[in-house]
Amino acid sequence: MSGGTVGVRAADLTEEELQWLHMGPCDGGLAGLIRRIRRILDVSQRGLADLLGVSQSVVARWETERTSPRVSVLQLMLRLAGIAVALHDEESGESVEPMRADGARQRNGSRYPAHVDLRVTGWWVPRAFRMMTSIDYFTSKDRSRRLGIPSVHYRSCPHARRTERMIFGTPVDHPALHQLRAEAEHLDDERQARRPRPGTPPRHAA
């Protein structure tokens, strides 16, 4: 018995219908995706297991949805099959990308919390010198400027974050360090522009 569809000629089908006929429906979830990968690679469960370094029973459990592969294993399967996965926002349809790998880090080397928005307030000064009452404040600030260490803050309060995002919008990602440095330099320029020039008479309220 042939594997064709009785009563249907390929010439009578659209390109989408032909694709569905040959590939089948694609709503099988993760288990269906693993079967699709095996079909693309033309391997049995044991063949896929050999490629991944696992047992055939593990692949069988994936395909019956009793367990799920680790993300790293799924990424390997996708690479083997030559499949690129694209994520999209359900409402807008816009592409969703992973957060950038070169996002700015805190001074201890750890990443900033992914859910917060970073904002630059100037150049970093140790907490003990932030009262602007000693030469240490200005010395520390000048040193951070030379070394390119911006002062970065973020809102930990969800309500404050929502309010800021309503006003300024929601950043897509955390900036890279060179972008934060550029923002600190821009703040310097703005502050310098607001300073009265020598010989300029003071402004009086109307």
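Here, every reference points to the structure presented above.
Residues numbered from 1 in each chain as written. Predicted model: local features only at pLDDT ≥ 70, side-chain atom pairs only at ≥ 80, totals over all residues. Heavy atoms only, no water.

Asks: So what about the pattern of salt bridges? Which residues, and what values?
Replies: One pass over the structure, following the stated rule, counts seven salt bridges. Across the pair Glu-63 and Arg-38 runs a salt bridge whose closest N-O atoms are separated by 2.6 Å. With Glu-63 in helix H4 (residues 56-63) and Arg-38 in helix H2 (residues 29-41), the pair connects residues that are 25 residues apart, well separated along the chain. Exposure remark for Arg-38: the relative accessible area of 17% places this residue in the buried category. Salt-bridge contacts for Glu-164 lead to Arg-155; the nearest nitrogen and oxygen are separated by 2.9 Å. Here the residues in one salt-bridge network are Arg-119, Arg-155 and Glu-164, joined through shared partners. (Salt bridge = Lys/Arg side-chain N within 4 Å of Asp/Glu carboxyl O. Helix = DSSP H or I, 4+ residues; strand = E, 2+ residues; numbered from the N terminus. Buried < 20%, exposed > 50% of the residue type's maximum accessible area, 1.4 Å probe, protein only.)

Asks: Before we move on, can you summarise the nonpolar core with the specific residues and values?
Replies: Nonpolar side chains in soluble globular proteins generally cluster together in the buried interior. Grouped together as the largest cluster of nonpolar side chains are twelve residues: Ile-34, Ile-37, Leu-48, Ala-49, Leu-52, Val-58, Val-59, Trp-62, Val-73, Met-77, Leu-78 and Ala-81. Of all the secondary structure elements, the ones that give two or more residues to this core are H2, helix H3 (45-52), H4 and helix H5 (71-81). Top element by residues in this core is H5. It accounts for four residues. Those residues in contact with Leu-48, other than ones at most four positions away along the chain, are Ile-34, Arg-38, Leu-41, Val-43, Val-59 and Met-77. In this structure, Val-120, Trp-123, Val-152 and Ala-184 belong to the second largest nonpolar core, which totals ten residues. (Core = buried A, V, L, I, M, F, W, Y, C linked by side-chain atoms within 4.5 Å. Contact = heavy atoms within 4.5 Å.)

Asks: How would you explain the layout of surface pockets if you had to name every residue and give the values?
Replies: Quantified by volume, the largest pocket comes out at close to 440 Å³. Taken together, 17 residues form the lining of the largest pocket, with Gln-106, Arg-107, Tyr-112, Pro-150 and Val-152 sitting closest to its centre. Among the elements that make up the lining of the largest pocket, the one with the highest residue count is strand E4 (residues 150-154) (five residues). Of the residues assigned to the lining of the largest pocket, the class counts are nine nonpolar, four polar and four charged. (1 Å grid on protein atoms, 1.4 Å probe; cavity = no way out; pocket = protein on both sides within 12 Å on 5 of 7 lines; lining within 4 Å. Points joined across faces, edges and corners; volume = space filled by probe spheres on them. Nonpolar A, V, L, I, M, F, W, Y, C, P; charged D, E, K, R; others polar.)

Asks: Tell me what's going on with unusual backbone geometry, and back it up with residues and numbers.
Replies: Of note, the phi angle at Asp-42 is positive, near 60 degrees, even though the residue is not glycine. Here Asp-42 shows up in the loop between H2 and H3.

Asks: Account for the packing of aromatic side chains, naming residues and giving values.
Replies: Tallied over the entire structure, the rule returns two aromatic pairs. On the numbers, 6.1 Å between centres and 85 degrees between planes, the contact of Tyr-112 with Tyr-154 is edge-to-face. One end of the pair, Tyr-112, is in the loop between strand E2 (95-96) and strand E3 (118-123); the other, Tyr-154, is in strand E4, and 42 residues separate them in sequence. A residue is classified by how much of its surface remains accessible, and Tyr-112, at 12% relative accessible area, is buried. Plain terms: the ring middles of Tyr-137 and Phe-138 are 5.0 Å apart, the flat faces sit at 90 degrees to each other, and that makes the pair edge-to-face. Judged by relative accessible area, Phe-138 falls into the partly exposed class, the value being 42%. (Phe/Tyr/Trp six-rings, centres within 6.5 Å; stacked < 30°, edge-to-face > 60°.)

Asks: Run through a negative patch on the surface, naming residues and quoting values.
Replies: Taken together, Asp-89, Glu-90, Glu-91 and Glu-94 make up a surface patch of like negative charges. Checked against the element boundaries, Asp-89 lands in the loop between strand E1 (87-88) and E2. (Patch = residues over 30% accessible without salt bridge, like charges linked within 9 Å, V, L, I, M, F, W, Y side chains within 5 Å. Areas by Shrake-Rupley, 256 points an atom, 1.4 Å probe, with all protein chains shown as cover. Lys, Arg positive; Asp, Glu negative; His and termini not counted. Charge placed at Lys NZ, Arg CZ, Asp CG, Glu CD.)

Asks: Tell me about helix H6 (residues 135-147), residues and numbers included.
Replies: Along its 13 residues, H6 runs 18 Å from first to last C-alpha, staying within 8% of the 18 Å computed at 1.5 Å per residue. Here H6 has its buried residues at Tyr-137, Ser-140, Lys-141 and Ser-144. One face of H6 carries all of its buried residues, which in axial projection span an arc of 100 degrees. Residues Ile-135 and Arg-146 are exposed on H6 and point more than 90 degrees away from its buried face. In this structure, the buried side of H6 is in contact with E3 and helix H8 (177-194). Of the residues flanking the end of H6, it is Gly-148, one or two places downstream, whose phi is positive at about 70 degrees. (Expected span 1.5 Å × (residues − 1). Arc of directions from axis to C-beta.)

That's the geometry; what it means functionally is another story.
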